Structures are given as structure tokens and as C-alpha cells.
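A look at the structure
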Amino acid sequence: MLAYEAIRDVGRALPLLASEPRPEPLPADLAVEDLTEHFSAHAEGLRHQYTVLHALLDRAGKKLAAALDEADAHEILDPEGEGSEALEKAEEYFNAQCDQLARMRDAFKDAGAPSDHDVFKALDSLAGLYAWIVATMQEVRWALLITDGVKEPETARTFTSGAELVAALDD
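A brief look at the structure comes next. (Residues numbered from 1 in each chain as written. Predicted model: local features only at pLDDT ≥ 70, side-chain atom pairs only at ≥ 80, totals over all residues. Heavy atoms only, no water.)

**Description of the side chain of Arg-141**
Mapped onto the elements of the fold, Arg-141 is located in helix α4 (residues 118-150). Taking relative accessible area as the criterion, Arg-141 reaches 11% and is therefore assigned buried. For Arg-141, the side chain forms a polar contact with the side chain of Glu-91, separated by 2.8 Å. Among residues more than four places away in sequence, those in contact with Arg-141 are Ser-84, Leu-87, Glu-88 and Glu-91. (Helix = DSSP H or I, 4+ residues; strand = E, 2+ residues; numbered from the N terminus. Buried < 20%, exposed > 50% of the residue type's maximum accessible area, 1.4 Å probe, protein only. Polar contact = N/O pair within 3.5 Å; in protein donor to acceptor, adjacent residues only side chain to side chain. Contact = heavy atoms within 4.5 Å.)

This is the structure we're talking about:
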């Protein structure tokens, strides 16, 4: 059960560990120098978030890989579906975070951030990491579902047609 617990725990923990406080809206009367400082502070915060999250992902990936290596070849890794559900919720969270980063980008543009400011590069890096997390969560979730489907007990019934399935439902 170690693999199942690792999958479930990583899926549940990543969104909590990745969340950071969001910036306050900018006052309308900030001077240009203060705006530049504000943009630079956000760029630093976004870079820090990227660094921390990247390190977390590295550890989580190693934990999952070790758990999967130790799993019995015939063990169903997610018998209750909790691991898949946790991974799906993590996907939703990081997709929402990508949307939030897009809104931040628009807010920085509207506030007058120069298009070549570091804040945009930091946003792009973090958005890329979030997109990579979503893709990885999907890949792990689907691999888990497919693998567990193949490992169903031999006593399970299989159907070769929809009509056969419907007939079995009536039994």
C-alpha cells in the first residue's frame, strides 16, 4: 500500500505546499520609482516560488518513483481511487494557478510594467512549471488507471460489446 499512499499524499500535498500569498492590488497613485520596485519585488517573489516548488517536485517525484519501484507487480496501486482523485484535484489547482498568473500578467501590463521587465520572465517560468505539473499529474493518473485496470482480478468479467455489458447490468 506504500505506492497508493505516496500517490495520494503527493496529489493532496502539492497544492497546499505550492500556495503562496497573492499580492495586494497596486494603489493608483504610486510613483514610477515605486512601481519599478514593486515589479522587481514581485519578480523576486515569483522566482522564489519557482525555486521552492521545483525542489518540492523533485522530492515528490523521487518519493513516487521509490514507492512505485517497491510496489508488488500484481498490487492494485489505487484500489479506492483516492490517489487518482487527489491527482485530478491537483491538476485543477495548478490549472487555476496558471489562470491566476495570466491575470497577474495582465495586471502588471495595465500597471505599466515594461514588456522586458524581469517580472514577465518570472511569470513565464512559473507558468511553465505549473503547466509541466499538470501534464505530469495527468500522465501519472492515467498510467495509474490503466495499470490498475490491467491488474484487475481474473475473476472480473470482461465484455466484448456494449450489448453484452448492458445485458450483464440486467443480471
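Picking up after the structure, the text goes on.
**Observations concerning the packing of aromatic side chains**
Following the criterion strictly, the structure yields 3 aromatic pairs and no others. Judged by centre distance (5.0 Å) and plane angle (85°), the rings of Tyr-93 and Phe-94 are edge-to-face. Of the two residues examined, Tyr-93 and Phe-94, each falls in the buried class. Judged by centre distance (5.4 Å) and plane angle (50°), the rings of Phe-94 and Tyr-130 are tilted. Residue Phe-94 is located in helix α3 (residues 82-110), and its partner Tyr-130 is located in helix α4; the two are separated by 36 residues in the primary sequence. Site record: aromatic cluster; members linked through ring pairs are Tyr-93, Phe-94 and Tyr-130. (Phe/Tyr/Trp six-rings, centres within 6.5 Å; stacked < 30°, edge-to-face > 60°.)

**Describing the side chain of His-117**
As for its placement among the helices and strands, His-117 is situated in the loop between α3 and α4. Here Ser-40 takes part through its side chain, which lies 3.4 Å from a polar atom of the side chain of His-117. The residues touching His-117, leaving out its near neighbours within four places in the chain, are Thr-36, Phe-39 and Ser-40.

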